[in-house]
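# Topology and contacts: notes
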Amino acid sequence: MEMRDSQIAERLNETPPSKDRVAWVTGVGIVSSLGVGAAAHWEALSAAPVRRRVNTSDFAPYPVFPLTDIRLDDQIPNKADHRQMGRWQQIGVYAAGLALADAGLKGAPELLAMTDVSVAAGNGERDAGADANILKAVTAAPENAGALNAALQASLRPTLYLGELSNLLAGNISIVHGVTRSSRTFKGEEQAGVAAFRDAVERIRHGTSQSVLVGGACNAERWDALLSMEVGGCLWSGDPATVRQRGDAGGGIIPGSVGAFLVVEEAEHARSRGIRPYARVGSVAAERLDLPALPARPGEAAACANPLLRQLAQSPFDILSGASGAQPALKRELSWLAALDRAGLSRNVRHYGDVVGHGLEAHFLTGIALASISLSRGQFIPPFDEADEPANSSGSQRILVTGFGHWRGAGAALMAPIEVAA
Amino acid sequence: MMAGANLKDPRGRPAVVVTGFDVITSLGRGKADNWTRLIAGESGIHSIKRFPTTGLKTTVAGTVDFMGLEAYSAPALSLAMATAVAREAIAEAKIGTRRSFPGPLYLATPPTELEWPQRQALFTAEGNSDKKGYDRLLAAARTGKFAGLFSEFQFASVAEHLAEATGTKGLPVSLSTACASGATAIQMGVEAIRRGDTDAALCVATDGSVHAEALIRFSLLSALSTHNDPPERASRPFSKDRGGFVMAEGAGAFVLESYASAVARGARILGVIRGCGERADDYHRTRTHPEGLPIVSAMTSALADAACATAEIDYVNAHGTGTPENDKMEYLSLAKVFGERVHSLPVSSNKSMIGHTLTAAGAVEAAFSLLTIANGILPPTINNTHPDPDIKLDIVPNKSRQAKVSTVLSNSFGFGGQNACLVLSGEPV
């Protein structure tokens with residue numbers, strides 16, 4: 001039966017394009033070394049000093065923040081699905097489920113069918129044991145041209161490939177959770193997270209999306225990912241240290257396992273279904289090299305062309321910095337933040353990697369999640385250690401989340417409470 | 001149809017036109033060589049020479065071996081091809097300068113990681129033979145002697161180098177939606193222009209990943225054709241004796257602009273991206289929903305986005321991978337969208353000649369769609385010696401033919417269930 005042209009026209013969401021729509025965060029799904037869920041994270045972050053969990057033995061000499069224990073069944077009921085994924089995808093699909101439940105979308109197929117998926121992804125885990133076997137086999141027989149092929153065919157499990165493919169995290173989210181409007185997967189380490197979030201927000205603002213499930217996952221507890229970073233000398237070895245301490249000592253990343261997913265939703269749609277939102281999204285900036293410089297003269301920020309700087313100039317804000325600890329990225333970020341400080345625009349800075357580790361593709365979204373939780377509580381995240389200055393808890397605050405890549409890229413998003421203009 | 005003087009599309013958005021585009025495939029470098037060979041029904045598929053194929057069930061692919069690389073790696077080849085097509089597209093569009101493009105970059109890039117030559121080099125580095133496996137690899141990494149691998153193999157790497165070479169603005173966006181990626185890159189450029197974020201966007205898709213492990217992985221999933229002899233006949237979309245897809249390499253680049261800004265600077269308009277549609281499949285990781293609903297939805301969304309009636313489509317540039325399942329599902333889904341007309345509407349698969357260029361496919365085939373419109377010639381689906389009686393399509397079998405084509409529907413359906421379709425036209429009315 002041919003689709004009538006009128007039916008075709010009706011298919012698309014007919015709302016006229018507009019830049020006036022507002023994007024809210026209406027669901028948070030977060031799992032890390034600190035625990036499972038928004039409430040558990042706030043509780044963990046409210047205890048000063050924050051009790052960090054770092055594993056210094058299993059991946060020595062590299063410390064990593066390990067994922068807290070999770071029951072996959074809670075978010076992925078079908079055990080057959082577990083086996084189709086590696087750990088990275090399991091973490092992501094789990095966190096996506098948390099976010100959907102938190103936003104009241106779970107068990108609402110008509111809403112899930114209108115929800116887009118926007119994932120920031122790396123690759124899935126290689127089989128380290130298989131790789132070791134293959135290396136042994138080919139180095140034992142260097143003159144044998146067919147040795148690699150034979151070793152690969154013998155060692156690689158067929159469906160392992162699906163666990164490795166970047167876009168299968170989004171694919172598994174669609175399959176397990178029934179989210180089926182559109183699906184995009186962004187790559188590029190930390191900038192994947194910035195790009196995925198920005199794309200979701202832009203589509204909401206422009207009226208081409210109604211709700212977007214956006215997020216990422218990082219499994220820090222894997223040798224292949226550690227190798228990818230260490231060829232560039234990026235990892236921190238030895239005793240755990242804070243982002244600033246590592247930066248002062250030449251730099252180094254401590255990876256952290258995390259799953260961070262958000263539901264970003266158009267405000268009127270959220271209101272109409274009565275969901276209680278966390279926070280409102282202001283400007284999102286994303287650059288290849290550096291974020292726009294703050295104009296030198298006081299008062300010029302409010303009039304400058306860049307929307308992020310204009311919004312920052314409006315009222316005080318705190319900073320959740322996604323600094324990885326790598327240099328010279330940390331130096332560039334601190335220099336940019338210092339200009340905001342000199343202009344009297346910013347207040348407290350927290351490097352949240354200090355308490356959850358560095359989550360690469362998932363890291364910026366982790367910051368957005370923590371900012372959203374914080375704003376919904378009407379209070380900035382308390383200092384991680386007693387030595388820090390006390391938080392300025394004067395009611396509703398705005399939070400700038402930064403995402404400077406350990407190699408390239410610089411992003412930032414201004415998050416605001418629901419009642420306050422961003 | 002274009003709304004004319006106000007340069008908006010029928011839905012009131014800035015219309016999006018193409019002012020420059022180029023391709024590289026196993027058929028050759030550049031639009032002209034590719035088109036000549038495509039309409040002659042030539043195949044770019046050949047026996048693999050890049051690595052030993054001892055013991056492999058599939059020994060053919062559409063590799064691109066003429067980029068003059070010092071040493072092959074997927075990111076190096078992907079970058080070389082992407083840079084070449086991007087530069088050609090920008091030069092054709094006469095936009096910006098060679099080192100400065102007035103808009104963002106959307107790049108569809110394959111999922112790359114350290115390959116076996118690099119792993120072996122790390123493993124055999126001196127001084128670590130007492131260690132095993134990844135312990136040994138990390139010990140070699142710690143020496144800092146392999147630092148060059150770092151920037152080559154970061155996931156952001158190809159986009160970073162391409163953005164630096166072309167001077168695109170803002171954060172280069174890298175995306176990977178498997179076989180739909182090339183179409184998604186174009187779609188994201190269209191959206192940015194429609195939102196008014198930019199007047200121009202550079203949309204590139206590239207894939208140079210035919211190495212032993214990638215080939216073996218697809219082979220282990222029984223996805224590849226094993227008709228190795230002769231190689232030119234390995235890819236048989238829509239035929240009864242099809243047996244899987246043929247892995248291939250290539251790149252496509254598009255300069256997209258708002259119609260208004262193209263007209264304002266007197267640019268030559270080479271085509272129009274009228275609409276884009278996308279839909280995720282939640283049925284299975286490698287198989288389509290048996291009713292084809294997500295594929296149908298991707299197509300109808302694209303048509304609706306374009307405000308294009310099915311009757312306006314003159315030709316379908318099929319996804320047409322040549323797997324037993326895809327081709328059947330694509331036919332059934334086309335029948336649901338086009339009804340009885342599906343039996344006479346020409347539908348052909350470029351993949352019969354260039355193989356499956358994976359991440360690049362959506363963009364490469366969009367380019368061939370524009371050339372189809374411009375030249376009024378339908379490229380054939382070759383290797384159709386044994387037609388499939390269950391697929392009642394005019395697949396333009398074996399030989400190209402002339403036809404007036406104004407509007408094309410181009411399909412890209414990805415592994416992992418991400419589906420994207422484009423509606424393309426020639427010059428705006």
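Quick caveat: nothing in here was measured; it's all calculated off a predicted structure. (Residues numbered from 1 in each chain as written. Chains lettered and ligands numbered in written order. Predicted model: local features only at pLDDT ≥ 70, side-chain atom pairs only at ≥ 80, totals over all residues. Heavy atoms only, no water.)

## Details of helix α4 (residues 87-102) of chain A
All names here are of chain A. Given a rise of 1.5 Å per residue, 16 residues ought to cover 22 Å, and the 22 Å separating the end C-alpha atoms of α4 matches this to within 8%. Counting buried residues in α4 gives 13 out of 16 residues, a clear majority hidden from the surface. Residue Gly104 follows α4 closely and has a positive phi angle near 70 degrees. (Helix = DSSP H or I, 4+ residues; strand = E, 2+ residues; numbered from the N terminus. Expected span 1.5 Å × (residues − 1). Buried < 20%, exposed > 50% of the residue type's maximum accessible area, 1.4 Å probe, protein only.)

## Section: the confidence of the model for chain B
Averaged over all residues, the pLDDT of chain B is 95; the fraction at 70 or higher stands at 98%. ipTM for the predicted complex: 0.96, alongside a pTM of 0.96. (pLDDT = per-residue confidence, 0-100.)

## As for the state of the cysteines
For the structure on display, the rule yields zero disulfides over all chains. With no disulfide of its own, Cys234 of chain A has Cys218 of chain A as its nearest cysteine by sulfur position, at a separation of 14 Å. Judged by its relative accessible area of 10%, Cys234 of chain A falls in the buried class. The closest cysteine sulfur to the non-disulfide-bonded Cys179 of chain B is located on Cys421 of chain B, 13 Å from its own sulfur. Residue classification places Cys179 of chain B among the buried residues on the basis of a relative accessible area of 9%. (Disulfide = S-S within 2.5 Å.)

## Quick notes on the packing of aromatic side chains
Under the defined criterion, the tally for this structure stands at seven aromatic pairs over all chains. With 5.3 Å between their ring centres and 85 degrees between their planes, Tyr161 of chain A and Phe218 of chain B make a pair best called edge-to-face. Remark: Phe218 of chain B occurs in helix α8 (residues 212-220) and Tyr161 of chain A occurs in helix α8 (residues 160-164); the pair is interchain, linking two chains. Across the pair, Phe218 of chain B and Tyr161 of chain A agree in class, each one buried. Grouping aromatic residues by their ring pairs yields a cluster made of Tyr161 of chain A together with Phe218 and Phe245 of chain B. (Phe/Tyr/Trp six-rings, centres within 6.5 Å; stacked < 30°, edge-to-face > 60°.)

## Quick word on the interface of chain B and chain A
Listed as interface residues are 81 residues of chain B and, on the opposing side, 84 residues of chain A. Of the roughly 7,500 Å² buried at the junction of chain B and chain A (both faces included), carbon and sulfur atoms supply 63%. On inspection of chain B and its partner chain A, the count reaches nine salt bridges. The residue Glu202 of chain A makes a salt bridge to Arg195 of chain B at a minimum N-O spacing of 3.5 Å. Remark: the boundary between chain B and chain A carries 23 residue pairs in polar contact (both at pLDDT 80 or more). Split into classes, the residues belonging to the side of chain B that touches chain A amount to 37 nonpolar, 24 polar and 20 charged. (Contact = heavy atoms within 4.5 Å. Buried area = accessible area lost by both parts, 1.4 Å probe. Salt bridge = Lys/Arg side-chain N within 4 Å of Asp/Glu carboxyl O. Polar contact = N/O pair within 3.5 Å; in protein donor to acceptor, adjacent residues only side chain to side chain. Nonpolar A, V, L, I, M, F, W, Y, C, P; charged D, E, K, R; others polar.)

## Considerations on helix α11 (residues 324-338) of chain B
Residue and element names in this part refer to chain B. Compared with the 21 Å implied by 1.5 Å per residue over 15 residues, the 22 Å span of α11 between its first and last C-alpha is a close match. Three or more residues of α11 are buried, namely Asn326, Asp327, Met329, Glu330, Tyr331, Ser333, Leu334, Ala335, Val337 and Phe338. Residues of α11 that are buried make contact with α10 (293-305), β10 (315-317), β11 (347-348) and β14 (407-413). With its phi angle positive at about 65 degrees, Gly339 sits one or two positions after the end of α11.

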